[in-house]
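# Structural description and commentary
So the chains spell out like this:
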Amino acid sequence: NWRKSDAKELAKLVQDRQISKFTRVPFPHKLKDSKQFIRECKKNGRKGTEICFAVIDRQSKKIAGSLGIMGINRQCNKAEIGYLLGKDYRGKGLIAEAVQLALGFCFGKLGLNRIRISCSTKNKASKKVIEKTGAKFEGIERQSMVSGNGKTHDLRVYSILKRESKGKKFM
């Protein structure tokens, strides 16, 4: 989980136009934006609607990204996973591993049945990460997200059900 003391490192990590291109993170990203994000994570965590994690690089022990389990709906047994990764940590399998761990947490500890994961139709790297999980492509949500750089994106929507995860190793 995020700590207040992580705000400075997070702000530095997301000073990246690529992140604002495919997420709702604004660019430029200010320290106050990171502090607000961490406050929101804690507030939503207390409500039980969201759980936010810092993704840590094993070698450097630095924050490499962020992963959130959002829109937790206990009545419908579902949630959504979203993530971002700093440029120095891309292409190393780090976020794919984090998503696998999050799925295990969702299906195990949280006892959820359905997890949605989506990405911009233009985000090829995120599409690969999602497809590695075994999630099923459901369709395109047209003009569904406005990114941090103000552009509107169509989203590729996927989901994975608990029963589809049987036999899969979610670390």
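Before reading further, recall that the structure is shown in the block above.
Residues numbered from 1 in each chain as written. Predicted model: local features only at pLDDT ≥ 70, side-chain atom pairs only at ≥ 80, totals over all residues. Heavy atoms only, no water.

The next thing to look at is the overall build of the protein chain. What the protein chain contains, in helices and strands, is five helices and six strands. Start at the N end of the protein chain and walk to the C end: the helices and strands fall as α-α-α-β-β-β-α-β-α-β-β. For a compact globule of 171 residues, the expected C-alpha radius of gyration is about 16 Å, and the protein chain comes in at 15 Å, within 12% of that figure. Counting across all 171 residues of the protein chain, residues that qualify as buried make up 44%. If you take every contact in the protein chain between residues at least 6 apart in sequence, the share linking residues at least 24 apart comes to 58%. As presented, the protein chain carries roughly 10000 Å² of accessible surface, and 49% of it is formed by carbon and sulfur atoms. Each charge class in the protein chain was averaged separately, 40 positive and 15 negative side chains, and the resulting centres sit 1 Å apart. (Helix = DSSP H or I, 4+ residues; strand = E, 2+ residues; numbered from the N terminus. Rg over C-alpha atoms; globule rule 2.2 N^0.38 Å. Buried < 20%, exposed > 50% of the residue type's maximum accessible area, 1.4 Å probe, protein only. Contact = heavy atoms within 4.5 Å. Areas by Shrake-Rupley, 256 points an atom, 1.4 Å probe, with all protein chains shown as cover. Lys, Arg positive; Asp, Glu negative; His and termini not counted. Charge placed at Lys NZ, Arg CZ, Asp CG, Glu CD.)

A few words on the state of the cysteines. Counted according to the given criterion, the structure contains one disulfide. At a sulfur-sulfur separation of 2.4 Å, the disulfide partner of Cys41 is Cys52. Around the S-S axis, the bridge from Cys41 to Cys52 shows a dihedral of about -85 degrees and counts as left-handed. Remark: Cys52 occurs in strand β1 (residues 51-56) and Cys41 occurs in helix α3 (residues 31-47); sequence separation between them is eleven residues. The burial state of Cys41 is the same as that of Cys52; both residues are buried. In this structure Cys106 is a free cysteine whose sulfur lies 12 Å from that of Cys52, the closest cysteine sulfur available. Judged by its relative accessible area of 0%, Cys106 falls in the buried class. This cysteine, Cys119, is not joined by any disulfide, and Cys106 carries the nearest cysteine sulfur, 17 Å off. The class for Cys119 is buried, based on a relative accessible area of 4%. (Disulfide = S-S within 2.5 Å.)

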